[in-house]
Amino acid sequence: MKRTVLATSISLAVSALLIAGAGSPAAAADTPRPHPPKASNSQAVHDARDSIAAHPRAVRASSDDTFDSASVQVDKDGTRHVHMTREYRGLPVLGGDVVVHSAPSGAFRESTLTLKDSLSLPVTPKVGARHAEALAQKEFQGKRAATTSKLVVDALSGTPRLAWQVTVDGTAPDQSPSHFNVLVDALTGQVGQTWNDFHTADGTGHGYQVGDVPLTTTAVSGGYQLKDSTRGNGETRDAQNLTATNDSPPAGWGKAFTDTDNVWGNGTLSDRATVAADAHFGIQATWDYYKNVHGRSGIKNDGVGARSFVHYGNNYANAGWDDTSFSMIYGDGAPGDKPFTELDVAGHEMSHGVTSATANLNYFGDAGGLNESTSDIFGTLVEFNANSSVDTPDYLIGEKISSTPLRYMDDPKKDGVSQSCWTTGTKNLDPHYSSGVGNHFFYLLAVGSGSSQWGNSPTCDGGTVTGLGNATAGKIWYRALTTYMTSGTTYPQARTASIKAATDLYGAGSTQCAAVEKAWSGVAVAPTATTCGGGTPPSGSNLLSNPGFESGAVTWTSSTGVITNDAAGTPHSGSYYAWLDGYGSAHTDTLSQTVTVPATAAAPKLSFFLAIDTSESGTTPYDTLKAQVVNGTTTTTLATYSNATPGGYAQRTLDLSAFKGRTVTIKFTGTEDASAATSFLIDDTAVTTG
């Protein structure tokens, strides 16, 4: 008896891809389908919830999980990306967030997450809250204010566990506000991961740093106030050299800057309003960059402006963003240094708020480095966008504060502590130093490798990277952050996220996507299963014969019935496709073709469209499809797919660089166990030279 497939779900996924422009059958080429009306945010959330209910395995969900939307993005073509937080039996799951990606029709496409399996653990603590708080307080160095705790599921790394998340508010030894977080195992009392929710620059009108600049202010009784009603009422206030006693500057804290003639500062530190002019211009410039370049209305994209506090503390040598109070603080600097009101510092700190409102990257591990590098990237782009002759744009961070820059993007290791090349140990560094990998990647992507007016940037792999410019590189990074990154994203996963972003913006076969790959390789982040390819091959023709199976079982070697036009399944395009397994009994299907990969190939790749439909439940990979290369007597498995991640057609691209100059066999092996059925549908294959 012929196998069956849930053809409705796969057909729906195919239709969604067609609407989004991923490809169309030849018969429909002359009658393109119109885009459906753009969905509202509430509809996107509704569809994401439906997708989770229909595809729980794809998001590692169980009946004990609930999801809430954190942010919503609907692309111009109607494609939806909904970032969801997760609770397990009523407890927040740290590292459990997921982005649900849906087609313009609302059909599920894929998910982005770091959680590896569904959760199953007890939620009754053996360690009390007070004991956990006492343990956490011992980890905090500084002056404590309040200590709070809540039960969470810690799924940030390793085996998920029940934990107390203890937050110790207070003032750090360097006068920085502190939201010091400590995870304490709720069963054993073992102290685990720590991090600080307050992010600093870590270093050192008529403005002091920005020179003479126009400022938008608000008329008040008797004069003017440094409040910008055109940018969400963003305001700059005087901290009066105090620190916030409750850790976060509350509403009304500090003193408003007012003036009778609407002229602020005198360009020197003799006037307290001079650095206020710097900070207020920083609010304006950061708002304008995000609004004009990315269409983002304010840090949270809700039209609300941030507050800035200048003259924070005494000789406070730092600046920072506090997400709790939605505010910036700027220190006057250590004796001999300058105030921290430099423009790229302002853009850096407020970009921490953008990260918090989107991917919400953790502030430790690889994610911590990505968090910091994201702020360095956008702080730099704010500086370039403002293009001030007083603060000439560059790829140095905080270069006007002290005698040496805080960080160098062209070759981060020049500061003596940052990393220019990724290693498995990068995650163990302070985020300000692990950020070097992301900074170096962005510099390579924007400027390129080698010498330029901005510096001299080597690559970790000895390769050459041609830069795309700030505008293109910035758009790719912004989309990767807001669409494909989650709280626990690692550097290898950031490579995947930015390739997906470049593919969305410019196409899989584009120069831009290829540059993303080269830039990541240039910082020693190796290729993942997601690579550029598909669509129009980068160069040369498809080396496979009958790649879409439209000639039937010709040039391919396959199990009986694999190459088919059976109406029970659906091709990605045309009429024929390859259908492996789907019998619901112990079974193995194969599909293969021999090809010669030229020795001169620049970046050879195997690409194909794959749809997976299953009657299995849970996340155990009972049924698998392996994409393999047979070279003589050696079989190499490039990737394994399974029933655990079902979904409609999606393009998969795999690297064939290891097989240059060899005649090999491209092989797909589908293996099904004796119980529920899983069907693997393959179409539109390609081997290209790059």
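Please refer to the structure higher up on the page.
An account of the accompanying structure is given in this report. The written sequence of each chain sets the order in which its residues are numbered from 1. Only residues with pLDDT of at least 70 are given local features in this predicted model, and only at 80 or more are side-chain atom pairs given and counted; all residues enter the totals for whole chains, interfaces and linings. Values reported for side chains reflect all heavy atoms of the structure, with hydrogen atoms and water molecules removed beforehand.

Turning our attention to the overall build of the protein. Per the secondary structure count, the protein includes 10 helices and 33 strands. A radius of gyration in this sense is built from C-alpha atoms; the matching globule rule multiplies 2.2 Å by the number of residues raised to 0.38. Since a compact globule built from 690 residues should have a radius of gyration of about 26 Å, the 27 Å found for the protein is in line with a globular shape. Here the C-alpha coordinates of the protein stretch approximately 85 × 60 × 50 Å along the principal axes. Note on areas: Shrake-Rupley, 1.4 Å probe, and residue coverage restricted to the protein chains presented here. About 26200 Å² of surface is accessible on the protein, with carbon and sulfur atoms providing 49% of the total. Charge centroids of the protein, computed over 46 positive and 64 negative side chains, lie 3 Å from each other. In this text, helices come from DSSP runs of H or I with a minimum length of four residues, and strands from runs of E with a minimum of two, each type numbered from the N-terminal end. Under this rule, positive means Lys or Arg and negative means Asp or Glu; His and the chain ends count for nothing. Lys charges are placed at NZ, Arg charges at CZ, Asp charges at CG and Glu charges at CD.

Another point: empty space enclosed by the protein. Taken as a whole, the largest cavity spans an internal volume of roughly 70 Å³. The method works on a 1 Å grid over the protein atoms by themselves. A cavity is a set of points holding a 1.4 Å probe that cannot get out, a pocket is an open set with protein on both sides within 12 Å along at least five of seven lines, and residues with an atom within 4 Å of a point line them. If you go around the largest cavity, the residues you meet are Ile283, Thr286, Trp287, Tyr290, Gly298, Ile299, Gly305, Ala306 and Met350. Of all the elements, helix H4 (residues 273–294) adds the most residues to the lining of the largest cavity, at 4 residues. Throughout this entry, Asp, Glu, Lys and Arg are counted as charged residues, while Ala, Val, Leu, Ile, Met, Phe, Trp, Tyr, Cys and Pro are counted as nonpolar. The remaining residues, Gly among them, count as polar. Of the residues in the lining of the largest cavity, the class split is 6 nonpolar, 3 polar and no charged. Grid points are joined across faces, edges and corners, and a volume is the space filled by probe spheres set on the points.

We now examine the nonpolar core. Buried residues of nine kinds, namely Ala, Val, Leu, Ile, Met, Phe, Trp, Tyr and Cys, make up a nonpolar core once their side-chain atoms join them within 4.5 Å. Per-residue accessibility, obtained with a 1.4 Å probe over protein chains only, is compared with the maximum for each type, and a residue is labelled buried under 20%, exposed over 50%, and partly exposed between these values. Met350, Phe378, Met485 and Trp520 are the most contacted members of the largest nonpolar core, which has 75 residues in total. Sequence-distant contacts of Met350, defined by excluding residues within four places in its chain, comprise Gly282, Ile283, Thr286, Ile299, Ala306, Trp321, Met328 and Tyr330. Contacts were defined at the residue level, with two residues in contact if any of their heavy atoms lie within 4.5 Å.

Counting through the fold element by element, Asp238 comes out in strand E14 (residues 234–238). Separated by 70 residues in sequence, Asp238 and Ser308 place their C-alpha atoms 8.4 Å apart. When residues no more than four places from it in sequence are discounted, the contact partners of Asp238 are Gly254, Lys255, Phe257, Arg272, Val310 and His311. As used in this structure description, the phrase polar contact means that two N or O atoms lie within 3.5 Å; if the pair is within protein, one of them must be able to donate a hydrogen and the other to accept it, and residues adjacent in sequence are counted only when both atoms belong to side chains. Side-chain polar atoms of Asp238 contact the backbone nitrogen of Gln240, separated by 2.7 Å.

Of all the 10 residues making up strand E28 (residues 605–614), 10 are buried; the element is thus mostly covered by neighbouring parts of the structure. Burial along E28 is two-sided: the residues Lys605, Ser607, Phe609, Ala611 and Asp613 and Leu606, Phe608, Leu610, Ile612 and Thr614 are all buried. Strands qualify as paired when DSSP identifies two bridges or more between them. Pairing of E28 with strand E31 (residues 647–655), which is carried by 7 bridges, proceeds in the antiparallel orientation. Residue pairing in the sheet places Phe608 in a bridge with Arg652 of E31. As paired elements, E28 and strand E33 (residues 678–688) share 9 bridges and run antiparallel to each other. Bridged to Leu610 within E33 is Ile682.

With that out of the way, let us pick up the side chain of Glu672. Assignment of secondary structure puts Glu672 in strand E32 (residues 662–672). A distance of 3.1 Å separates a polar atom in the side chain of Glu672 from the backbone nitrogen of Tyr583. Here Glu672 is in contact with Asp581, Gly582, Tyr583, Gly584, Ser585, Ala586, His587, Asp623, Ala677 and Thr678, once residues within four sequence places are set aside.

Scope: geometric values only; no functional claims are made or implied.
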